[in-house]
Amino acid sequence: MTEPSHVNQRRDKSSSRSWLIHVAIVIGLVSAFIALFKNSIQSSSSPKLDTYGLGTGSGICQQVPKLSPKNTRVEQYIREKVDSVEYHREIINKLSGIIQIPAESYDDLGPIGEDDRWDIFFQVENYIKVSYPTVFRTVKLDHVNTHGLILTWEGSVSPLEAKPILMLAHQDVVPVLAENVKDWAHPPYDGHYDGEIIWGRGATDDKGYLISIIESLDLLIKSGFEPKRTVILAFGCDEEISGENCGRPISNFLREQYGDDGIYLIMDEGCTGIQREFDQTFAMVSVAEKGYLDVGINVSSTGGHASNPPDHNVIGILSEIVVAIESNPFPGKITPKNPMFQFLECGAVHAPVSSFPMAVRRKLSMATQDDSISQEQLAQTLHDMRYYFQTSQSVGKINGGVKINAIPETASTLVNVRLAVETSIAQVETHYESLISPIAKKHGMVFEGFHSPCSASDKRKICLFGVDALEPAPVSPVDTESFRILSGTIKNVLKRLGADDEVIVTPYLMPANTDTKFFWALTKNIYRFTPVTLVENLNRAHTTNEFIRADEFVREPLFLRVWF
C-alpha cells in the first residue's frame, strides 16, 4: 500500500491470532455466499447503549450477529486443515519463499518489455504456480500487460444473475536501499522465520495477503467446494508506484468482461485491521480513501555571476513559497461524510462510557447537526488523528542551483497532498494559487496557475502544475448485504478465537491509496481490510524489519474463504 500519513500506534496485544483469523474469515465468507441465494442476513435490533451512551436515542453503529458457514462438510475440512501443525509449516514456508523474490518496483521503471527490471515478476508468477498446482488446474489465468495476473474461478451461476467477487493483492514491494540492509534484524529477502515472526520485505505489504487469498482458493478447491458465484483474484505488479502498468489495465480488462457495476464487491488490503481503542476491540474496515495530488512548483529567473546577486534569487523565492505553504495548513474538521465520524460514533456507543472522552462525546453530538464550529473543535480535540480528517501536505522534493558561484536560473519543489474526504482537487488548487500568486506579484514575476500552459517564454515566473491527481474515493455503503456478511464473518471468527470482549465492526478511512482507485466503476462495494493486528507502523511496512506474526498469518484464509 502507499504509505499512510498517520497511523494510531495503540494496538491490542491479542494480535497474535490474526493470521489464523484471516483464513477463518475467508472460508466463512465463502459459505455465507451459499446461503446468499436463499436468505438475507438481518442486523441485530439495537446497539449496546443509546446514542452516544447518553440516552438520547438509538440505531447508531448497529452490529450484526456472528455469521457461521452453512456448509459444515467444507467448514470441517478447512478448519481441521488450518488447525494442523503441518499446515502451519506449509503456509509459512510459502510466504517465506515468495519473500525471497525481491519484486521491487521503482519510480523510474521503463515500459514492461523494455526495462529488464520487470522480469523479476516472471519469478513471482512461476513461484505461485508451482506452490499452488491445484488452483492453476482449476482457475482460468489471464495476463494483462504481461505481469498483471487475473485468476477466475467460474461459478455455476451466470455473472448476470450473481455478480462476481473480486479479491485484490499486489506482487510488488518497495525497494530496500543497499545501505539500509545492515539495519535489518534479518536480511530483508531471506524470509526468515524465528518460530514466532516471519521477517522480510513484503511480509505484511502485500505478499502475506496475496498468499492468503490463493491459499483460500486452494483449501476450498481441495475440500470439494463448488462456487455458485464467480470468484476473481487479481494481482497487480506496481501498486507501490501508482498502478498504471498493472492496476489500471486489470481494471480495464474486468470492466470489458463484466461492465460497469458488474462486480458484487471488492476486497483489498487495509491499513489498520484489528485494533483496540477506547478499551474496546474494533475491526476497522476502510470504506474510502483520501485523495491524492503532487503539487509541482517551478520558479525561474535570469542567472548571472554570484558576485553580483539579486536581493532574492529563485532559491530564496522558492523558500518563501515553502514557508507560506507550511504556515497555512489546510483546516481540519470532522463531518458525517467522513467514515471516521462513524468510527467515533461506534466508539461513543460501544466503548465503556468511562473510556470514551466526554469532550469528544459532546462535540460529536453537536457535529451531527452540521455545526461547523463543533466539527472543527472535534478535529482539534483529536489532534493526534488529525490526518484522518484533514488534508495533509508534505514538501517532499526540492531542486535548485548547479554551481556555487552561479546565480541559479530555476528552482523547483514537489508537495505531496492527501485530500480529506470532503475536499476536491479544485479546492486544493485554489488554495495553493491564493498562497503563491501574491508572492509572484511581490517579486514582479509572472504567475501561471495549474491550468495555464507554463510556457518557457517568460524569464521571470512562478508556475504551478499537478501530478497524479486523484479525487477522494467514493464512500462505500455499510447498509448493504455485502457489508453485513463481512461484519458477521469477522464477529464469528474473532469471537471464536477468544476475544476478551465483543468485536465491534466499524467503518474506517484509508489515509493511503491502493489499486482500488482504478475500480470505482466496477462496484460501489469496495472494502479494504487486513484481518490482522497491525502494530509498529503497519508491522514496519515500507521500512526496516518488516514482519508478520506467524500465528496471525496462518489463519487469514479462515477470514477470506467466506466471500467465495
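Residues numbered from 1 in each chain as written. Predicted model: local features only at pLDDT ≥ 70, side-chain atom pairs only at ≥ 80, totals over all residues. Heavy atoms only, no water.

Per an unreviewed UniProt entry, the protein chain goes by Peptidase M20 dimerisation domain-containing protein and derives from Penicillium canescens.

Student: Describe the nonpolar core, and please don't skip the residues or the numbers.
Tutor: In this structure, Val-135, Leu-233, Phe-235, Met-267 and Ile-490 are the most contacted members of the largest nonpolar core, which totals 68 residues. Here this core takes nine residues from helix H6 (residues 207-223), the largest share from any one element. In this structure, Met-284, Ala-288, Phe-341 and Cys-346 belong to the second largest nonpolar core, which totals 29 residues. (Core = buried A, V, L, I, M, F, W, Y, C linked by side-chain atoms within 4.5 Å. Buried < 20%, exposed > 50% of the residue type's maximum accessible area, 1.4 Å probe, protein only. Helix = DSSP H or I, 4+ residues; strand = E, 2+ residues; numbered from the N terminus.)

Student: Tell me what's going on with the pattern of salt bridges, and back it up with residues and numbers.
Tutor: Inspection of every chain in the model, using the stated rule, returns 17 salt bridges. Its salt-bridge partner being Arg-255, residue Asp-260 comes within 2.5 Å of it at the nearest N-O pair. Taken together, the shared-partner salt bridges in this structure form one network comprising Asp-108, Asp-115 and Arg-117. (Salt bridge = Lys/Arg side-chain N within 4 Å of Asp/Glu carboxyl O.)

Student: Pulling in residues and values, what's your account of the environment of Leu-210?
Tutor: With respect to the secondary-structure elements, Leu-210 resides in helix H6. For the pair Leu-210 and Gln-171, spaced 39 residues apart in the sequence, the C-alpha separation amounts to 7.5 Å. Setting aside anything within four residues of it in sequence, one finds Leu-210 in contact with Ile-98, Ile-128, Ala-169, His-170, Gln-171 and Phe-235. (Contact = heavy atoms within 4.5 Å.)

Student: Which residues make up the packing of helix H2 (residues 72-82) against H6, and what values do they have?
Tutor: Axis angle and axis distance: for two packed helices, these are the angle between their axes and the distance between the axes, and together they describe the pair. Remark: H2 packs on H6, axes separated minimally by 9 Å, with the N-to-C direction vectors making an angle of 125°. The orientation of H2 relative to H6 falls into the category oblique. Considering only the axes of H2 and H6, their crossing is right-handed. Of the residues in H6, those touching H2 at Arg-73, Val-74, Tyr-77, Ile-78, Lys-81 and Val-82 are Leu-219, Leu-220, Lys-222 and Ser-223. (Axes fitted to C-alpha atoms, helices over the stretch in contact; angles between N-to-C directions. Parallel < 35°, antiparallel > 145°, perpendicular 65-115°, else oblique. Left-handed = near helix turned anticlockwise from the far one by under 90°.)

Student: Please set out the UniProt feature "binding site: Zn(2+) 2" (unreviewed entry) in the protein chain residue by residue, giving values where relevant.
Tutor: Taking the numbering used here, the UniProt-annotated feature "binding site: Zn(2+) 2" (unreviewed entry) corresponds to His-170, Asp-205 and Asp-268. Spatially, the listed residues are clustered: although they cover 99 residues, their C-alpha atoms lie within 11.4 Å of one another. Positionally, His-170 belongs in strand S3 (residues 165-170). In terms of polar contacts, His-170 uses its side chain to reach the side chain of Glu-239, at 3.3 Å. Of note, Asp-205 is situated in the loop between strand S4 (197-199) and H6. Reaching out from Asp-205, the side chain makes a polar contact with the side chain of His-170 at a distance of 3.0 Å. (UniProt positions renumbered as here; feature names shortened; annotations may be inferred. Polar contact = N/O pair within 3.5 Å; in protein donor to acceptor, adjacent residues only side chain to side chain.)

Student: An account of the confidence of the model for the protein chain is needed here, citing residue identities and associated values.
Tutor: The share of residues in the protein chain with pLDDT of 70 or more is 87%, and the mean pLDDT across the chain is 88. Contacts for the low-pLDDT stretch residues 3-19, under 50 throughout, to residues beyond four places or in other chains number 68 contacts. (pLDDT = per-residue confidence, 0-100.)

Student: Which residues make up the packing of helix H8 (residues 314-327) against helix H12 (residues 425-442), and what values go with them?
Tutor: For the pair H8 and H12, the least separation of the axes is 10 Å and the interaxial angle reads 145°. For the pair H8 and H12, the crossing hand works out as right-handed. Mapping the contact onto sequence places Ile-317, Glu-320, Ile-321, Ala-324 and Ile-325 in H8 and Tyr-432, Leu-435, Ile-436, Ile-439 and Lys-442 in H12. Within the contact of H8 with H12, the residues separate by chemical class into eight nonpolar, no polar and two charged. (Nonpolar A, V, L, I, M, F, W, Y, C, P; charged D, E, K, R; others polar.)

Student: So what's going on with the UniProt feature "binding site: Zn(2+) 1" (unreviewed entry) in the protein chain? Residues and values would help.
Tutor: The feature "binding site: Zn(2+) 1" (unreviewed entry), as given by UniProt, occupies Asp-205, Glu-240 and His-542 in the numbering adopted here. The largest pairwise C-alpha distance within this set of annotated residues, which runs over 338 residues, is 9.8 Å, so the set is compact in three dimensions. With relative accessibility at 2%, the residue Asp-205 sits in the buried group. Structurally, His-542 can be placed in the loop between helix H14 (536-540) and strand S18 (547-549). Residue classification places His-542 among the partly exposed positions, given a relative accessible area of 24%. Of the polar contacts made by the side chain of His-542, one reaches the side chain of Asp-205; its length is 2.9 Å.

Student: So what's going on with the state of the cysteines? Which residues, and what values?
Tutor: In this structure the tally under the stated criterion is two disulfides. The residue that forms a disulfide with Cys-61 is Cys-346, at a sulfur-sulfur distance of 1.9 Å. When the S-S torsion is 95°, as for the bridge of Cys-61 with Cys-346, the disulfide is right-handed. Placement of Cys-61 in the loop between helix H1 (18-35) and H2 and of Cys-346 in helix H9 (residues 339-350) is noted, with a sequence separation of 285 residues between them. With respect to burial, Cys-61 and Cys-346 carry one shared label: buried. There is a disulfide in this structure between Cys-237 and Cys-246, and the S-S distance comes to 2.0 Å. (Disulfide = S-S within 2.5 Å.)

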